[in-house]
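Below are the chains, spelled out letter by letter.
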Amino acid sequence: MQNIVIAEPYQFVPPMTTTFWTWPLRYWMPRRVRKSYGVVSAEFHGKEKIREAVAAGHGVLIAPNHSRPCDPELIGVMLSQLGQPCFMMASWHLFKQNRLQRFMLRSAGVFSVHREGIDRESVRAATAMLVDGRRPLVMFPEGLVSRSNGRLRNLMEGTAFIARSAAKARAKESKKVMIIPVALHYYFDGDLHTSVAPVLAKIERRLSWQPQVEMPLLQRILKLGEALLGVKEMEYFGRSQSGEIADRLPKLLDRILAPMEQRYKLAKPGNDVMERIKTLRTVMVGELIAGQLPKSETERCWRHLADCYFAQQLGCYPINYLADNPTTERMLETVERYEEDLTDTATIHRPLRCVGQVGDPIEVSSERTRGSADPAMKSLEDSLNTMLRQLEAKKS
């Protein structure tokens, strides 16, 4: 389990407001994404829409998809090309790794949000940034790294809540808030088989298999995925399940989460896996922070948090992702996720090329009809899905 849960009282981490450090970062970020993530080039189309919206005095919320850990840096690269500093929301755990990372994040305009609770300070800060309007605010509405460039996850309502709150405040001055969608797509320009075969062999040996080198690559990836699923089904059900993976995944997720929801007396909050996990984490982290649990219960709580982490990772596997369209990039992402779920790290596969498409600004209304789908979020989802489909089709 990656160190994403911090069992201590949350303290909001504000960004630095000076622009002094944004200029050195402008030259550092392209080198970082090349060295640390294998992204050797990046191009962005339509980025002038951001400059125009800021120049017009709008409060600008940039909302990209989030398929890779390097997405924030790539958005930073795009904005540095515009000479436009920004503010960006990021999970609190990133600020708790070490002092240097905390300083670098804050100097780049990044501030914290608490994923394991209600973070009113972060919401107030984000709203104030949009009301002020001098810098764009960057939020990733998927809420986590999906590693699925070909599918968009459910968007979190917090993005619309912040945008609408700012729109209400700005309406008094006859000013607008705009959400600007940004679709980031990564293309792998190397030899896929050469790159992923050693990773597949390592995972196969971990299962005590002989490397399945005689199999076509796609079939090898699918076979390994079914084996990994069967191993986890053995852990939670006592035996491997039968049937289509599309049916087995939701059953396994419910098998993991439902007992914990019963244990903590939580009503199932709909069918969205990430909402269920967030609700469970909020309760568990609260108990750990209170410090009143005996040692055995503390250990149990951490085991449950590990289960939640696994459920989150499992929930990021899109159903029929390779059956729908087994592109080079989709196969690469699937192998990366296998490795990351087993080891908490993923091999860097080079060379990657990023292409970003900036969509048309979406005006945010200060009002919303109660009980209906949020029109701004629906427009954002439609825009991102359309651009991602177009970008994926360009290489095929």
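Residues numbered from 1 in each chain as written. Predicted model: local features only at pLDDT ≥ 70, side-chain atom pairs only at ≥ 80, totals over all residues. Heavy atoms only, no water.

Draft legend 1. Geometry of the overall build of the chain. Helix and strand content of the chain: 14 helices and eight strands. What you see for the chain is a C-alpha radius of gyration of 22 Å, in line with the 21 Å of a compact globule of 396 residues. Principal-axis analysis of the C-alpha atoms gives the chain an extent of 65 × 55 × 45 Å. Buried positions account for 51% of the 396 residues belonging to the chain. Of the roughly 18800 Å² of accessible surface on the chain, 52% is carried by carbon and sulfur atoms. (Helix = DSSP H or I, 4+ residues; strand = E, 2+ residues; numbered from the N terminus. Rg over C-alpha atoms; globule rule 2.2 N^0.38 Å. Buried < 20%, exposed > 50% of the residue type's maximum accessible area, 1.4 Å probe, protein only. Areas by Shrake-Rupley, 256 points an atom, 1.4 Å probe, with all protein chains shown as cover.)

Draft legend 2. How the structure looks around the environment of Ser242. Note on placement: Ser242 falls in the loop between helix H8 (217-237) and helix H9 (245-263). Taking C-alpha positions, Ser242 is 47 Å from Val77, a pair spaced 165 residues apart along the chain.

Draft legend 3. Inspection of a nonpolar patch on the surface at higher detail. A cluster of nonpolar residues, Phe20, Trp21, Leu100 and Phe103, forms a patch on the protein surface that exposes about 420 Å² of accessible area. As for its placement among the helices and strands, Trp21 is situated in the segment before helix H1 (22-37). (Patch = residues over 30% accessible without salt bridge, like charges linked within 9 Å, V, L, I, M, F, W, Y side chains within 5 Å. Salt bridge = Lys/Arg side-chain N within 4 Å of Asp/Glu carboxyl O.)

Draft legend 4. Representation of the packing of aromatic side chains within the structure. Taken as a whole, this structure holds four aromatic pairs when the rule is applied. Seen in terms of ring centroids, Phe12 and Phe111 are 6.2 Å apart; in terms of plane orientation they differ by 65°. Their pairing is edge-to-face. On the criterion of sequence distance, the pair formed by Phe12 in the segment before H1 and Phe111 in strand S4 (residues 110-113) is long-range, its members being 99 residues apart. Across the pair, exposure class does not vary: Phe12 and Phe111 are buried alike. (Phe/Tyr/Trp six-rings, centres within 6.5 Å; stacked < 30°, edge-to-face > 60°.)

Draft legend 5. Quick look at the side chain of Glu116. Mapped onto the elements of the fold, Glu116 is located in the loop between S4 and helix H5 (120-132). According to the relative accessible area criterion, Glu116 is buried, its value standing at 9%. When sequence neighbours within four positions are dropped, the list of residues in contact with Glu116 reads Ile4, Arg281, Thr282 and Val285. (Contact = heavy atoms within 4.5 Å.)

Draft legend 6. Just the pattern of salt bridges, in detail. What the rule picks out here adds up to 25 salt bridges. Residue Arg68 is joined to Glu336 by a salt bridge in which the shortest nitrogen-to-oxygen separation is 2.8 Å. Placement of the pair is Arg68 in the loop between strand S2 (59-64) and helix H3 (71-81) and Glu336 in helix H13 (residues 328-343), with a sequence separation of 268 residues. One exposure class covers both Arg68 and Glu336, and it is buried.

Draft legend 7. Structural context of the pairing of strand S6 (residues 177-188). Counting buried positions along S6 gives 12 out of 12 residues, so the element sits mostly inside the fold. Of the two faces of S6, the one lined by Val177, Ile179, Pro181, Ala183, His185 and Tyr187 and the one lined by Met178, Ile180, Val182, Leu184, Tyr186 and Phe188 are each fully buried. Direction of pairing for S2 relative to S6: parallel, over a ladder of six bridges. The residue bridging Ile62 from the neighbouring strand is Ile180, located in S6. (Pairing = 2+ DSSP bridges.)

Draft legend 8. How the structure looks around the nonpolar core. Residues Ile75, Leu79, Leu137 and Ile179 are the most contacted members of the largest nonpolar core, which totals 85 residues. Residues contacting Leu137, with those up to four places away along its chain left out, are Val60, Leu61, Ile62, Phe87, Phe111, Ala126, Met129, Leu130 and Ile162. Of all hydrophobic cores here, the second largest spans 27 residues; its members include Tyr264, Ile277, Met284 and Leu305. (Core = buried A, V, L, I, M, F, W, Y, C linked by side-chain atoms within 4.5 Å.)

Draft legend 9. Spotlight on helix H6 (residues 158-171). Taking 1.5 Å per residue as the helical rise, H6 with its 14 residues ought to reach 20 Å, and the 20 Å between its terminal C-alpha atoms agrees with that figure. Residues Thr159, Ala160, Ile162, Ala163, Arg164, Ala166, Ala167 and Arg170 constitute the buried set of H6. Buried positions along H6 lie against S2, strand S3 (87-91), H5, strand S5 (137-138), S6 and helix H14 (375-395). (Expected span 1.5 Å × (residues − 1).)

Draft legend 10. Focus on the state of the cysteines. Applying the stated criterion across every chain yields a total of zero disulfides. In this model Cys86 remains outside any disulfide bridge; the closest cysteine sulfur is found in Cys354, 15 Å from its own. Of the cysteine sulfurs around Cys316, a residue in no disulfide, the closest is that of Cys308, at 14 Å. (Disulfide = S-S within 2.5 Å.)

Draft legend 11. Layout of unusual backbone geometry. With an omega of 0°, the peptide bond between Arg350 and Pro351 qualifies as cis. Counting through the fold element by element, Pro351 comes out in the loop between H13 and strand S7 (352-358). Positive phi, normally seen in glycine, also occurs at Arg147, with a value near 50°. Assignment of secondary structure puts Arg147 in the loop between S5 and H6.

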